[in-house]
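Listed here are the chains, written in short residue letters.
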Amino acid sequence: MIRHLGRLAVVTALLLPGAALAVAATVHKTPTCSCCDAYAEHLQASGFDVETIDHDSMDRIFREARVERALASCHLTRVGPYTVIGHVPASVIESLVNERPMIRGISLPGMPAGSPGMGGEKQEPFTIYRLGANTDAPDVYDRY
């Protein structure tokens, strides 16, 4: 009986307008980075189902994701089939997931002030780059 109620809840959530199941996001980070923890909290507060995984070094993670150093940040997040680098605002990730472009992911390089998880005030629009499916040459995905 309980199993059927669980299935009914999932089906109901899928059928109701505006109802959505939380999108899973896995944040790969080092254990000592407080801005990465703040970023994970930003995603969770925005409705993502967040898991964090600590690594002694992020080098292997970035290498396996084919992320050039110029596009790297302090953490890497997996959301569905996409790789999200850096402090990308949750609303941009939501658009990515909804639009489903044929790309590997997106990147907000570095650790810009005023971005989610970072202190300070935003100085200029954030340039978020697209990681192409078949190329390592990024182009602009969005400005936020």
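Residues numbered from 1 in each chain as written. Predicted model: local features only at pLDDT ≥ 70, side-chain atom pairs only at ≥ 80, totals over all residues. Heavy atoms only, no water.

Asker: Provide a residue-level description of the sheet that holds strand 4 (residues 82-86), including the pertinent values.
Answerer: With respect to topology, seven strands assemble into an open sheet ordered 2-1-3-4-5-6-7, the strand pairing being mixed. If you trace the sheet from one side to the other, it starts and ends with strand 2 (49-54) and strand 7 (139-143), each paired once. The mean inter-strand angle of the sheet, taken between neighbouring strand axes irrespective of direction, is 25°. The sheet contact formed by strand 5 (residues 103-108) and strand 6 (residues 127-132) spans four bridges and is antiparallel. Its bridge partner being in strand 6, I103 is matched across the sheet by G132. Packing of helix 2 (residues 34-45) onto the sheet brings it into contact with strand 1 (24-29), strand 2, strand 3 (76-79) and strand 4, and relative to strand 1 it is tilted by some 175°. Lying on the sheet, helix 4 (residues 90-99) is in contact with strand 3, strand 4, strand 5, strand 6 and strand 7; it crosses strand 7 at an angle near 120°. (Pairing = 2+ DSSP bridges. Helix = DSSP H or I, 4+ residues; strand = E, 2+ residues; numbered from the N terminus. Axes fitted to C-alpha atoms, helices over the stretch in contact; angles between N-to-C directions. Contact = heavy atoms within 4.5 Å.)

Asker: How would you summarise the packing of aromatic side chains if you had to cite specific residues and measurements?
Answerer: Counted according to the given criterion, the structure contains zero aromatic pairs. Over the face of the ring belonging to F126 we find K122, whose NZ or CZ atom lies 4.6 Å from the ring centre. (Phe/Tyr/Trp six-rings, centres within 6.5 Å; stacked < 30°, edge-to-face > 60°. Lys NZ or Arg CZ within 6 Å of the ring centre and 35° of its normal.)

Asker: Tell me what's going on with the nonpolar core, and back it up with residues and numbers.
Answerer: Ranked by internal contacts, the top residues of the largest apolar core, which has 22 residues, are L43, F48, V84, V88, I93 and I106. Elements that contribute at least two residues to this core include exactly strand 1, helix 2, strand 4, helix 4 and strand 5. Looking at this core, the element that brings in the most residues is helix 4, giving five residues. Ignoring sequence-local partners within four residues, the contact set of V84 consists of Y39, H75, L76, T77, V79, I93, L96 and I106. Judged by nonpolar contacts, the second largest core, of 10 residues, contains I61, V67, L71 and L76. (Core = buried A, V, L, I, M, F, W, Y, C linked by side-chain atoms within 4.5 Å. Buried < 20%, exposed > 50% of the residue type's maximum accessible area, 1.4 Å probe, protein only.)

Honestly, that's just the spatial picture; any functional story needs more than this.
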